[in-house]
Amino acid sequence: GGSCNSSGNNVLIAADATNRIKVKGFTLSTLSNTAVTAIFQNGNGGSTLWQVVLQAATNTSTGANLATPAPDWLFGTDANTLLCLNLSSGQTIHWACSFFKEP
């Protein structure tokens, strides 16, 4: 996990040369009262894997989280492709992902 605040592409998990990144769960949170669309992408500028809109009321926090039990997974990248979080504006988003790699 970590934080990102750049509008556009933010690399979350580096590519693996032979495996896919399969996300089992994620958490996104922000304190921003400016709406931001957060799009998990298959690579920088790649296809949309999952999309969430976040906007906190003044002086509060908001977020989204979703998880699935093993052996299921929510979404995954192609092999040798990084997982990216594209933000519609430069708001700070705190993130965490539970994932595994598989051919």
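Source: prediction; values computed, not measured.

Within the chain, the regular secondary structure consists of 0 helices and 9 strands. Reading the secondary structure of the chain in the N-to-C direction produces β-β-β-β-β-β-β-β-β. Intrachain contacts of the chain at a sequence separation of at least 6 include 81% that bridge at least 24 residues. When the accessible surface of the chain is totalled, it reaches about 5100 Å², and 48% of it is carbon and sulfur.

Turning our attention to the side chain of Asp16. Position of Asp16 among the secondary structure elements: in the loop between strand 2 (8-13) and strand 3 (20-30). Owing to a relative accessible area of 17%, Asp16 belongs among the buried residues under this scheme. A distance of 3.2 Å separates the side chain of Asp16 from the backbone nitrogen of Asn19, its partner in a polar contact. When sequence neighbours within four positions are dropped, the list of residues in contact with Asp16 reads Ala79, Asn80 and Lys101.

According to the stated counting rule, one finds 2 salt bridges in the structure shown. Between Asp16 and Lys101 there is a salt bridge, with the nearest N and O atoms lying 3.6 Å from each other. Residue Asp16 is found in the loop between strand 2 and strand 3, and its partner Lys101 is found in strand 9 (residues 93-102); the two are separated by 85 residues along the sequence. For Lys22, the salt bridge goes to Glu102, with nearest N and O atoms at 2.4 Å.

Turning our eyes to something else, we now look at unusual backbone geometry. The residue after Ala70, namely Pro71, is reached through a cis peptide bond having omega 5 degrees. Here Pro71 lies in the loop between strand 6 (62-67) and strand 7 (75-76). A positive phi angle, close to 60 degrees, is found at Asn59, a residue other than glycine. Mapped onto the elements, Asn59 comes out in the loop between strand 5 (48-54) and strand 6. Its relative accessible area of 79% is what places Asn59 among the exposed residues.

Sheet architecture is open: 4 strands sit in the order 2-8-4-5, paired in antiparallel fashion. Looking at the sheet topology across the chains shown, the edges are occupied by strand 2 and strand 5. Averaged over all pairs of adjacent strands, the angle between strand axes in this sheet comes to 25 degrees, irrespective of strand direction. Pairing analysis gives 5 bridges linking strand 4 (residues 36-42) to strand 8 (residues 83-87), with the strands arranged antiparallel. Residue pairing in the sheet places Gln41 in a bridge with Cys84 of strand 8.

So, how was this worked out
- Residues numbered from 1 in each chain as written.
- Predicted model: local features only at pLDDT ≥ 70, side-chain atom pairs only at ≥ 80, totals over all residues.
- Heavy atoms only, no water.
- Helix = DSSP H or I, 4+ residues; strand = E, 2+ residues; numbered from the N terminus.
- Contact = heavy atoms within 4.5 Å.
- Areas by Shrake-Rupley, 256 points an atom, 1.4 Å probe, with all protein chains shown as cover.
- Buried < 20%, exposed > 50% of the residue type's maximum accessible area, 1.4 Å probe, protein only.
- Polar contact = N/O pair within 3.5 Å; in protein donor to acceptor, adjacent residues only side chain to side chain.
- Salt bridge = Lys/Arg side-chain N within 4 Å of Asp/Glu carboxyl O.
- Pairing = 2+ DSSP bridges.
- Axes fitted to C-alpha atoms, helices over the stretch in contact; angles between N-to-C directions.

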